[in-house]
Amino acid sequence: MKVPLLDLKEQYRSYKDELLPELERLFDSQLFILGEAVRNLEAEIASYCGVDHGIGVASGSDALLLSLMALDIGPGDEVITTPYTFFSTASAIVRLGAKPVFVDIDPVTCNIDPAGIEQKVTKRTRAILPVHLYGQAAEMGLIGEIASKYHLRVVEDAAQAIGAEYDGKRAGALGDAGCLSFFPSKNLGGFGDGGMVVTRSEEMAEKIRVLRVHGMKPKYVHKYVGVNSRLDALQAVVLSIKLKKLDACHQKRREHADYYQDLFEKAGLTESGDVVLPKETHGGDSAFRHVYNQYVIRVRKRDALRAFLAKEGVGTEVYYPIPLHLQECFADLGHHEGDFPESERAAKETLALPVYPELTEKMQEYVVGRIAAFCREHRP
Ligand SMILES: *Cc1c(COP(=O)(O)O)cnc(C)c1O
């Protein structure tokens, strides 16, 4: 049996008939940059996230960069974030000449451990940049308390977490601004790169709208040195259609997570300690929703298991194999192995399994069956 990590083709079949006429209308108009389709999507996503403003940009990475630019973060400033994330969380900070100050993760969720934040706050700290890794919100209650105590801004990296909920609020509505990605593998994926900043702040929204078009308003009058980072109308047309099915997709991913849990428990792999399953915080309280952009387990012989599964036709991935404090390009931050032990351990143990909505029970049974076979053979 073949079980890919992600299969977008089947999903495409489900909305293709609705999409193609819309695309044809767009192609006939030959209007590709921003425009009505993007404005509509911005309003739809803002409303989905529970905020007033959405600003479509070229990628999730640019959403992060533009959010920090809008807060005037630059040389001499510090931004507290996690080292266990995708590269652009930290590169957005560094690109602006500011310094990422890392705080290790909570090993249960792989999200920034709020207990480590306060001791890293200095006079230079301007913002906290939590990541809602794998589709589960970071501990935003505690993070918000620290932010208000020290007058810090909070920018959420919600690239993996559109639709995730924390205490009844959606990712992107929990800080000053939320950064979404529409990279094809995200829960709401487009047909290429795309991203959006969502925010309650009229002031931030207005500034990011200007910054994304070279800091220009009105035409050829430049208030700031901005960037060229706009969402294509083509992406907006695709995403508007896919947004209608997003909650059903989240639901499927959550059902798959439940079924994996059943299967792993029945195979005895959790009790034996061979496999550690992802855990939802707040004990299944329905005001907190994990949207499982990734279903990530922990195992001891991770790389050997991954190679074995690849041979057996099961696609997996490691998010992420090298924590950011150990990346060569951040060497001047002066970090060493051992500085963030939980992030380093996660980098060696985590393994993402297929969890896309169209996965079948048979496929999940096969995945767990193969993992069980591997574990039986490799017990100490
Ligand atoms: C995908 C991702 C990004 C970047 O999004 P792009 O659209 O690929 O630029 C940023 N942060 C995290 C945590 C991500 O998963």
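What counts and how
The residue numbers shown here count from 1 along each chain, following its written sequence. Per-residue local features of the predicted model are confined to residues with pLDDT of at least 70, and side-chain atom pairs are confined, for both listing and counting, to 80 or more; whole-chain, interface and lining totals are unaffected and use all residues. For the side-chain quantities, the full set of heavy atoms in the structure was used; hydrogens and water were omitted. Near is defined per residue: the residue qualifies when any heavy atom it owns lies within 4 Å of the molecule or strand. Pairs of N or O atoms are called polar contacts if they sit within 3.5 Å, as long as, within protein, a hydrogen donor faces a hydrogen acceptor (for residues adjacent in sequence, only side-chain-to-side-chain pairs). By the criteria applied, helices consist of DSSP H or I runs no shorter than four residues and strands consist of E runs no shorter than two, each listed in order from the N terminus. Only Asp, Glu, Lys and Arg are considered charged, only Ala, Val, Leu, Ile, Met, Phe, Trp, Tyr, Cys and Pro nonpolar, and every remaining residue, Gly among them, polar. Domain start and end points were adopted from an automatic or database domain assignment. For this analysis, residues touch if any pair of their heavy atoms sits within 4.5 Å. As a working definition, buried area equals the accessible area (1.4 Å probe) given up by two parts on being put together, with both sides summed. Two strands pair under a simple rule: DSSP has to find at least two bridges between them. Only the stretch in contact is used when a helix axis is fitted, and all axes are lines through C-alpha atoms; the angle between N-to-C directions ranges over 0 to 180 degrees.

1. Some words on the site of the ligand
- For the ligand, the set of nearby residues contains 15 residues, the closest of which are Gly60, Ser61, Asp157, Ser181 and Lys186.
- Note that a nitrogen atom of the ligand is positioned 2.7 Å from one of the side-chain N or O atoms of aspartate 157.
- Within the side chain of glutamine 160, a nitrogen or oxygen atom sits 2.8 Å from an oxygen atom of the ligand.
- Elements represented by at least two residues in the shell around the ligand include exactly helix H3 (60-70) and helix H4 (87-95).
- Residues that form the shell around the ligand fall into these classes: four nonpolar, nine polar and two charged.

2. Observations regarding the domain arrangement of the protein chain
- Each assigned domain of the protein chain is listed with its residue range as follows: domain 1 (8-243) and domain 2 (246-378).
- The interface is formed by 43 residues belonging to domain 1 together with 39 residues belonging to domain 2.
- Surface buried jointly by domain 1 and domain 2 totals about 3,500 Å² across both partners, of which 57% is contributed by carbon and sulfur atoms.
- Taken as a group, Tyr84, Tyr134 and Asn187 account for 21% of the area that domain 1 buries against domain 2, more than any other trio of residues on that side.

3. Description of the sheet that holds strand S8 (residues 177-181)
- Spatially, seven strands are ordered S1-S9-S8-S5-S4-S2-S3 in an open sheet, and the strand pairing comes out mixed. Strands with a single pairing partner mark the edges of an open sheet, and in this sheet they are strand S1 (53-57) and strand S3 (99-102). The sheet shows a mean angle of 25° between the axes of neighbouring strands, taken without regard to direction.
- As judged from the four bridges shared by S8 and strand S9 (residues 195-199), these two strands associate in the antiparallel manner. Across the sheet, residue serine 181 finds its bridge partner in S9, namely glycine 195.
- Lying on the sheet, H4 is in contact with strand S2 (78-81), S3, strand S4 (125-129) and strand S5 (153-157); it crosses S3 at an angle near 140°.

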